[in-house]
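Remarks on the overall topology
Next come the chains, spelled out residue by residue.
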Protein chains: 2
Amino acid sequence: MTHNRLNYIEILHAHGYRVTPQRLAVLDALCAAGGHTTSAEVLARARALDARIDRSTVYRSLDVLVKSGLALTAPGDNAGETRYEIVQESPHHHLRCSRCGTEHELSAASAGAFFRQVEREYGYRLTGDHLVLEGVCPECQKHTAGH
Amino acid sequence: MTHNRLNYIEILHAHGYRVTPQRLAVLDALCAAGGHTTSAEVLARARALDARIDRSTVYRSLDVLVKSGLALTAPGDNAGETRYEIVQESPHHHLRCSRCGTEHELSAASAGAFFRQVEREYGYRLTGDHLVLEGVCPECQKHTAGH
DNA sequence: TCTCTTGCTGCAACGAGTCGCAGGTGGGTG
DNA sequence: CACCCACCTGCGACTCGTTGCAGCAAGAGA
């Protein structure tokens with residue numbers, strides 16, 4: 001387990017949320033998974049920790065974690081699927097390979113210049129701080145060089 | 001109606017798809033909506049044109065249009081919702097305001113430099129050609145300047 | 001125009017995610 | 001430590017999107 005539970009408890013309290021065994025189970029499940037995880041996997045892991053936990057509770061808990069800033073959401077492979085990720089120290093985005101499914105981190109610095117330019121040009125203040133770019137990774141490009 | 005139906009029919013044939021009343025209804029629904037539309041709205045508009053059309057047929061038709069290159073998909077507001085858009089002449093991305101829901105087009109040129117930099121830096125070949133950035137539009141920033 | 005084949009449609013059933021409700025529980029107060 | 005209330009949980013029902021299947025129709029060929 002890489003997270004400091006006390007810290008999370010304080011954060012939940014600070015946002016006016018109660019700390020319940022179910023929420024801790026979801027939190028542990030999310031941490032244990034590491035990186036991007038589907039809600040289905042979170043559900044399975046949470047059930048392993050507490051067999052009686054309900055689907056709807058897991059979804060609501062994930063929502064609470066996101067609202068508290070403890071977790072991030074990102075669109076999944078099959079449009080219509082949400083993935084979750086425990087927050088980390090350094091903000092970052094993701095590159096996902098559409099062939100092999102591998103994910104690579106993309107430093108926020110790389111996107112920063114682009115974001116600032118868009119904000120300047122269009123007057124928007126960008127809040128979507130978790131971008132997922134789709135593409136083909138270097139490895140897969142090698143394997144299908146013929147195409 | 002802004003689309004040239006004959007053109008669409010040829011494109012569907014060229015991709016080996018049949019042209020059916022249901023598919024034309026979905027196509028008309030998508031064109032009538034203009035811009036990004038939720039699948040729920042496409043379904044409603046298609047039903048207005050053909051009351052007997054089935055949900056599954058609408059989803060399958062949208063899939064056919066996307067595979068034919070006649071429509072584009074983009075992630076929706078609530079992660080886990082797909083939005084559809086009829087293709088246009090000039091490729092572009094979108095800025096969406098998380099407060100009022102308004103959408104603005106973002107020229108592909110703006111993102112081009114960022115995409116090329118990421119490709120150079122990480123070796124990826126980016127294929128996700130339809131980006132949606134979340135933020136707060138200038139209007140909404142004015143109205144909530146106090147916050 | 002008629003026939004025939006293949007792909008399309010509507011239906012029904014299913015899984016994922018959401019919501020309203022009644023009862024349970026966290027945690028603040030005395 | 002006990003009480004109490006607001007929030008949370010589990011349950012059940014619902015919606016949205018997907019899939020398998022049997023029958024139908026687009027459109028190619030004669």
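We now turn to the structure provided with this report. (Residues numbered from 1 in each chain as written. Chains lettered and ligands numbered in written order. Predicted model: local features only at pLDDT ≥ 70, side-chain atom pairs only at ≥ 80, totals over all residues. Heavy atoms only, no water.)

Here we look at the protein's contact with DNA strand D
Heads up, the rule is: One heavy atom within 4 Å of a molecule or strand makes the whole residue count as near it. Here a polar contact is recorded for every N or O atom pair within 3.5 Å, except that within protein the pair must consist of a potential hydrogen donor and a potential acceptor, and residues adjacent in sequence are included only if both atoms are side-chain atoms. Put simply, DSSP marks the helices as runs of H or I at least four residues long and the strands as runs of E at least two long, and each gets a number from the N terminus on.
Of all residues adjacent to DNA strand D, which total 19 residues, the nearest are Thr20(A), Thr57(A), His13(B), Arg55(B) and Tyr59(B). Counting only atoms of DNA strand D within 4 Å of the protein, the sugar-phosphate share comes to 60%. A distance of 3.1 Å is found between a base nitrogen of DNA strand D and a side-chain nitrogen or oxygen belonging to Arg60(A). The separation between a phosphate oxygen of DNA strand D and a polar side-chain atom of Ser39(B) is 3.2 Å. Elements supplying a minimum of two residues to the surface near DNA strand D: helix H2 (21-33) and helix H4 (55-67) of chain A together with helix H4 (55-67) of chain B. Broken down by element, the surface near DNA strand D gets its largest block of residues, four residues, from H4(B).

Notes on the nonpolar core
What counts here: Think of a nonpolar core as a cluster: buried Ala, Val, Leu, Ile, Met, Phe, Trp, Tyr and Cys residues, connected wherever their side-chain atoms sit within 4.5 Å. For each residue, the accessible area found with a 1.4 Å probe, counting protein chains only, is set against the maximum for its type, and the residue is called buried under 20%, exposed over 50%, and partly exposed in between. We call two residues contacting when some pair of their heavy atoms lies within 4.5 Å.
Counting 28 residues, the largest nonpolar core has Phe114(A), Leu133(A), Phe114(B) and Leu133(B) as the members making the most contacts within it. At the level of elements, strand S4 (92-97), helix H5 (108-122) and strand S7 (132-136) of chain A together with strand S4 (92-97), helix H5 (108-122) and strand S7 (132-136) of chain B are the ones that each hand at least two residues to this core. Filtering out sequence-adjacent residues up to four positions away, Phe114(B) remains in contact with Ser110(A), Ala111(A), Phe114(A), Leu131(A) and Leu133(A).

Topic: H2(A)
All names here are of chain A. Filter applied, for reference: Between the first and last residue of a helix there are one fewer steps than residues, each counted as 1.5 Å, and that sum is the expected span.
With 13 residues, H2 extends 18 Å between its outermost C-alpha atoms, agreeing within 8% with the 18 Å of an ideal straight helix rising 1.5 Å per residue. Those residues of H2 not exposed but buried are Leu24, Ala25, Val26, Leu27, Asp28, Ala29, Leu30 and Cys31. One or two positions beyond H2, positive phi appears at glycine 34, with a value near 70°.

A short note on the relation of the copies chain B and chain A
Cut-off, in case you're wondering: Copy-to-copy superposition: least squares on the C-alpha atoms, limited to residues that have pLDDT of at least 70 in both copies.
Mapping chain B onto chain A calls for a screw motion: a turn of 178° about the axis and a shift of 0.0 Å along it, with 0.4 Å RMSD after fitting. The relationship between the two copies is best expressed as a two-fold rotation axis. When you check the interface residues of chain B against chain A, 100% turn up at the interface there too, and the contact is symmetric in its surfaces.

Things to note about the sheet that holds strand S1 (residues 37-38) of chain A
Residues and elements named next belong to chain A. To keep it simple, the criterion reads: Should DSSP find at least two bridges between two strands, the strands are regarded as paired.
One open sheet accounts for three strands, arranged S1-S3-S2; its pairing is antiparallel. Two strands lie at the open edges of the sheet, namely S1 and strand S2 (71-75), each paired on one side alone. Here S1 runs beside strand S3 (residues 82-86); their pairing, made up of two bridges, is antiparallel. Paired with threonine 38 across the strands is arginine 83, a residue of S3.

What about the interface of chain B and chain A?
Condition: The term buried area refers to how much accessible surface (probe radius 1.4 Å) is lost by two components on association, counted for both of them together. The working definition used for a salt bridge is a side-chain nitrogen of Lys or Arg within 4 Å of a carboxyl oxygen of Asp or Glu. Classification convention: Asp, Glu, Lys, Arg as charged; Ala, Val, Leu, Ile, Met, Phe, Trp, Tyr, Cys, Pro as nonpolar; all other residues, Gly among them, as polar.
Every contact between the two is made by 35 residues of chain B and, on the other side, 36 residues of chain A. For the pairing of chain B and chain A, the buried interface totals around 2800 Å² over both sides, and the portion due to carbon and sulfur atoms is 62%. Broken down residue by residue, the surface that chain B buries against chain A is led by Phe114(B), Tyr122(B) and Tyr124(B), which jointly contribute 24%. Counting across the interface, chain B meets chain A through zero salt bridges. At the junction of chain B and chain A, the tally comes to eight residue pairs in polar contact (both at pLDDT 80 or more). Going through the elements one at a time, S4, strand S5 (103-107), H5, strand S6 (125-126), S7 and helix H6 (138-143) of chain B are the ones with two or more residues in the side of chain B that touches chain A. Element by element, the count of residues in the side of chain B that touches chain A is highest for H5(B), at eight residues. Split into classes, the residues belonging to the side of chain B that touches chain A amount to 16 nonpolar, 13 polar and six charged. One ladder, built from two bridges, connects S7(A) with S6(B); its direction is antiparallel.

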